[in-house]
Amino acid sequence: MTALDAVSIITTKRDGGELSDAQIDWVVDGFTRGAVADEQMSALAMAIVWRGMTRRETARWTGAMIASGSRLDFTDLPRPTVDKHSTGGVGDKITLPLAPLVAACGAAVPQLSGRGLGHTGGTLDKLEAIPGWQADVSVPRMREILADPAIGAVVCAAGADLAPADKRLYALRDVTGTVESIPLIASSIMSKKIAEGTAALLLDVKVGAGAFLKTLDGARELATAMVELGTDAGVRTVALLTAMDTPLGRAAGNALEVAESVEVLAGGGPADIVELTITLAREMVALAGLDIDPADALADGRAMDQWRAMIHAQGGDPDAPLPTAKHTEIVRAERDGVLTRLDAMSVGVAAWRLGAGRARQGDPVQAGAGIEMHAKPGDSVTAGQPLLTLHTDTPDAFDGAQAALADAFTIGDFTEKPSTPLVLGRIEA
């Protein structure tokens, strides 16, 4: 018989043992109710960082976090459900054109998203730059929107009763040095995604300088763990590993990224954003069991119609002017040549310092702050040409942003355009 008390569970994992299903259920439930103290869960999290968890333990841990709250059910909708989750990167506005595009193909897209923290912007922060748009949507209203073929997509904040144990644990991990654990990261992401009730899920796992995961091996390990968790829970799950050494698109910031997303839906936009949007859409449509090419729905304007309906459904005005920053500053090329490197992390940190991101949960963000990129790696530049335009309402932030960009780019003499694939790998069960 396994001991069901916090100290025994902590020491079992500390000493390299495997936690039983009963122990996992007990400690997650106790932590959610406040019967297991924060310092005890912190000690257990550190033991998990040190010792890891087996596939069975991770699956049970994820299930216990789902069981700590409610689980949505969309199985009675007239359309197949499919969602996408990205682990976050600089300029990663893909959800904005992707959700309406997949909805235009006949799927329902219930996407519960978050706000940004640090150098990676949050999807809700971007959408909240649209005048009137509201992130909070009730479950009955979600069902109405998803069932409506003219809309079919919801991007909103998760309710407080969706995997509440994860919310408490994440806040604890953030201040106790226990974020870097593949089982804990995987279970944190997947508990919310499984609880939201989607039948299929595509994971976009970013890898590179501007991503949480810097190496392909680390990204593959996390992607595999999440695909296993989804599969074990009965959710059809596929993961793509995608590059994040260079920012996506030519804008990093909230309103700036919305504007770029609308360009894509209108048939333009940066080539990398268009390519990745269509690539992810094809995976999602296939997971939903639909036989349609999303490129057609993007080209003929159906995705744009779906976008406008999606924004209207959550109180936004798709025709309203987007916020703009009060102050701008330009970073120029110092020599002629070819831009051979533009570091995603540096750009992300600079955008964050300009006011596009937050250092702590609950901090305000500036809708108009961010960075426009006028050149990307492979582009020829001339001395004095604008490379970046910095946007902010607080001009005192320019110095910090410029410091972050001091070694952000390299201009060389190469004439051959570098070829870096966006998709680095694919993982399925």
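First, a word on what this report is: a plain description of the structure on this page. Computed from a predicted model, the values in this text were never measured in an experiment. (Residues numbered from 1 in each chain as written. Predicted model: local features only at pLDDT ≥ 70, side-chain atom pairs only at ≥ 80, totals over all residues. Heavy atoms only, no water.)

## A few points about the overall build of the chain
Of regular secondary structure, the chain possesses 16 helices and 13 strands. Computed over its C-alpha atoms, the radius of gyration of the chain comes to 22 Å, within 12% of the 22 Å expected for a compact globule of 429 residues. For the C-alpha atoms alone, the extent of the chain along its principal axes is close to 75 × 45 × 40 Å. Counting over 429 residues, the chain shows a buried share of 55%. In the chain, once contacts between residues fewer than 6 apart in sequence are set aside, the share between residues at least 24 apart is 78%. Only carbon and sulfur atoms are counted for the fraction: they give 53% of the accessible area of the chain, which is about 17200 Å². For the chain, the distance from the average position of its 38 positive side-chain charges to the average position of its 56 negative side-chain charges is 2 Å. (Helix = DSSP H or I, 4+ residues; strand = E, 2+ residues; numbered from the N terminus. Rg over C-alpha atoms; globule rule 2.2 N^0.38 Å. Buried < 20%, exposed > 50% of the residue type's maximum accessible area, 1.4 Å probe, protein only. Contact = heavy atoms within 4.5 Å. Areas by Shrake-Rupley, 256 points an atom, 1.4 Å probe, with all protein chains shown as cover. Lys, Arg positive; Asp, Glu negative; His and termini not counted. Charge placed at Lys NZ, Arg CZ, Asp CG, Glu CD.)

## Quick notes on the packing of aromatic side chains
Following the criterion strictly, the structure yields 0 aromatic pairs and no others. Stacked on the ring of F31, the Lys or Arg R168 has its end atom at 4.2 Å from the ring centre. (Phe/Tyr/Trp six-rings, centres within 6.5 Å; stacked < 30°, edge-to-face > 60°. Lys NZ or Arg CZ within 6 Å of the ring centre and 35° of its normal.)

## Points about the layout of surface pockets
Estimates place the volume of the second largest pocket at around 610 Å³. Together, 22 residues line the second largest pocket, and T246, D272, K376, P377 and T420 are the ones closest to its centre. Where the lining of the second largest pocket is concerned, the elements lending two or more residues are α12 (271-287) and β8 (337-342). If one sorts the elements of the lining of the second largest pocket by residue count, α12 sits on top with 3 residues. Across the lining of the second largest pocket, the residue classes break down as 10 nonpolar, 4 polar and 8 charged. Here the lining of the second largest pocket spans two domains, since at least three of its residues come from each of domain 2 (82-314) and domain 3 (327-412). (1 Å grid on protein atoms, 1.4 Å probe; cavity = no way out; pocket = protein on both sides within 12 Å on 5 of 7 lines; lining within 4 Å. Points joined across faces, edges and corners; volume = space filled by probe spheres on them. Nonpolar A, V, L, I, M, F, W, Y, C, P; charged D, E, K, R; others polar. Domains from an automatic or database assignment.)

## Describing α12
Between the first and last C-alpha of α12 there are 24 Å, a value that for 17 residues agrees with the 24 Å anticipated at 1.5 Å per step. Within the sequence span of α12, burial applies to D272, I273, L276, T277, I278, L280, A281, E283, M284, V285 and L287. Positive backbone phi, approximately 80°, marks G289, located one or two places after α12. (Expected span 1.5 Å × (residues − 1).)

## Overview of the sheet that holds strand β7 (residues 327-332)
Taken together, 4 strands build an open sheet; the order of strands is β6-β9-β11-β7 and the sheet is antiparallel. The strands lining the two open edges of the sheet, one partner per strand, are β6 (251-253) and β7. Across the sheet, the mean angle from the axis of one strand to that of its neighbour is 15°, orientation sign disregarded. Those strands touched by helix α11 (residues 254-265) are β6, β9 (370-373) and β11 (386-392), and its axis lies near 140° from that of β6. Its contacts with the sheet place helix α15 (residues 344-356) against β6, β9 and β11, and it is angled at close to 135° to β9. (Pairing = 2+ DSSP bridges. Axes fitted to C-alpha atoms, helices over the stretch in contact; angles between N-to-C directions.)

## Overview of the pattern of salt bridges
Side chains bearing opposite charge may pair, as long as their charged atoms lie close to each other. One pass over the structure, following the stated rule, counts 29 salt bridges. When the shortest N-O distance is used, the salt bridge between D29 and R33 registers 2.8 Å. Linking D29 with R33, this pair stays in helix α2 (residues 21-33), spanning 4 residues, or about one helical turn. With a relative accessible area of 38%, D29 lands in the partly exposed category. The exposed category is assigned to R33, whose relative accessible area is 57%. (Salt bridge = Lys/Arg side-chain N within 4 Å of Asp/Glu carboxyl O.)

## Some details on helix α4 (residues 55-67)
Over its 13 residues, α4 runs 18 Å from end to end, which matches the ideal 18 Å to within 8%, given 1.5 Å per residue. Regarding α4, the residues found buried are E57, T58, W61, T62, A64, M65 and I66. Buried-residue contacts for α4 involve α1 (6-14), α2, α3 (38-51), α8 (164-174), α9 (182-195) and α10 (216-232).

## As for the side chain of Q306
Mapped onto the elements, Q306 comes out in helix α14 (residues 302-313). Q306 gets classed as buried once you look at its relative accessible area, which sits at 8%. Excluding residues that lie within four positions of it along the chain, Q306 makes contacts with P100, A103, A104, P149, A150, I151 and G152.

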